[in-house]
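# Understanding the architecture of this molecule
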Amino acid sequence: MDPTTLIAGSLFTRDYLGEAITAAPEWRAIDADALRNDLEAILARFPHGAGPNESQTERDLIWPVLHRLGWRAHLEQQNLSATGREDVPDGLLFLSDEVKAQANADPREWQRYAHGVAIVEAKRWDRPLDRRLGRDAESA
């Protein structure tokens, strides 16, 4: 499959996804058939027809996919604000277990974000991400 057919936004250019990324050693190290098979197996086990909620989507789809993509060093539900529990993303990804250990050494959860490289924010399966939903729809 041509990776440029998956572009819906403008985060990466078509030239980058179609050509430049394929020259990277990390890209060349990927066994594309094994990756595709593993991701298809994860998706096949996921109960999309049953309307899974956010927690189930996160646990049974998002974390297994991230793990298969190599993201093993992570923390879940770290408070992003110094006070209260207003900003609590679903996960924080680190480049290595060593960096995660450095983050864990800080007792202030919100300071751990300085060590991370990506934030995970999960939503329920099939939730529209391009518009705000009403209260009734949010809990559905």
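Above this text you will find the structure in question.
Below is a short write-up of the structure. Quantities reported herein were computed from a predicted structural model and do not represent experimental measurements. (Residues numbered from 1 in each chain as written. Predicted model: local features only at pLDDT ≥ 70, side-chain atom pairs only at ≥ 80, totals over all residues. Heavy atoms only, no water.)

## Some details on the overall build of the protein
Summing up its helical and strand segments, the protein has six helices and three strands in all. In the protein, the succession of α and β elements from N to C terminus is α-α-α-α-β-β-α-β-α. Summarising the internal contacts of the protein: among those between residues at least 6 apart in sequence, 47% fall at separations of at least 24. (Helix = DSSP H or I, 4+ residues; strand = E, 2+ residues; numbered from the N terminus. Contact = heavy atoms within 4.5 Å.)

## Side note on the side chain of Glu58
Topologically, Glu58 is positioned in helix α4 (residues 54-68). An unpaired buried charge is present at Glu58: no salt bridge exists, and Arg59, the closest side chain of opposite charge, is 8.4 Å distant. (Buried < 20%, exposed > 50% of the residue type's maximum accessible area, 1.4 Å probe, protein only. Lys, Arg positive; Asp, Glu negative; His and termini not counted. Salt bridge = Lys/Arg side-chain N within 4 Å of Asp/Glu carboxyl O.)

## Focus on the pattern of salt bridges
Opposite charge on two side chains makes pairing possible when the charged atoms of those side chains draw close. Under the counting rule described, the total for this entry stands at five salt bridges. A salt bridge links Arg59 to Asp60; its shortest N-O distance comes to 3.3 Å. According to the relative accessible area criterion, Asp60 is partly exposed, its value standing at 30%. Between Asp106 and Arg108 there is a salt bridge, with its nearest N and O atoms 3.0 Å apart.

## What to know about the sheet that holds strand β1 (residues 74-76)
Here we have three strands laid out as an open sheet, ordered β1-β2-β3, and antiparallel in their pairing. Two strands close off the open sheet at either side, each with one partner strand: β1 and β3 (118-120). Strand-to-strand twist across the sheet, computed as the mean angle between neighbouring axes with direction ignored, equals 20°. The pairing of β1 with strand β2 (residues 91-93) spans three bridges and is antiparallel. Bridge assignment links Leu75 to a residue of β2, and that residue is Leu92. (Pairing = 2+ DSSP bridges. Axes fitted to C-alpha atoms, helices over the stretch in contact; angles between N-to-C directions.)

## Re α4
Residues lying three or four places apart along an α-helix face the same way, a consequence of the helix completing one turn every 3.6 residues. For α4, with 15 residues, the first-to-last C-alpha span of 20 Å sits near the 21 Å given by 1.5 Å per residue. Remark: the principal bend of α4, roughly 30°, maps to Ile62, with a proline, Pro64, within the next four residues. Three or more residues of α4 are buried, namely Thr57, Glu58, Leu61, Trp63 and Leu66. Buried residues belonging to α4 abut α3 (32-45), β1, β2 and β3. Backbone nitrogen of Ser55 and a side-chain oxygen of the N-cap are separated by 3.1 Å at the start of α4; the cap is Asn53. The positive-phi residue at the C-terminal boundary of α4 is Gly70, with phi of around 105°. (Expected span 1.5 Å × (residues − 1). Bend = angle between axes of the 7 residues up to and from the residue. Polar contact = N/O pair within 3.5 Å; in protein donor to acceptor, adjacent residues only side chain to side chain.)

## Here we look at unusual backbone geometry
Apart from glycine, the bulk of residues carry a negative phi angle, and the bulk of peptide bonds sit in the trans form. Phi angles above zero are rare outside glycine, and Asp126 is one such case at about 70°. Along the chain, Asp126 turns up in the loop between β3 and α6 (135-139). We classify Asp126 as exposed; its relative accessible area is 66%.

## Points about the environment of Glu98
Checked against the element boundaries, Glu98 lands in helix α5 (residues 97-104). A residue is classified by how much of its surface remains accessible, and Glu98, at 57% relative accessible area, is exposed. Linking Glu98 and Ala73, residues 25 residues apart in sequence, is a C-alpha distance of 8.7 Å.

## Regarding the packing of α3 against α4
Where α3 meets α4, the closest approach of the two axes is 10 Å, and the angle between their N-to-C directions is 165°. By the angle between their axes, α3 is roughly antiparallel relative to α4. Pair α3 / α4 crosses with right-handed handedness. Here α3 contributes Ala34, Leu35, Asp38, Leu39, Ile42 and Leu43 to the contact with α4, which in turn contributes Asp60, Leu61, Pro64, Val65 and Arg68. (Parallel < 35°, antiparallel > 145°, perpendicular 65-115°, else oblique. Left-handed = near helix turned anticlockwise from the far one by under 90°.)

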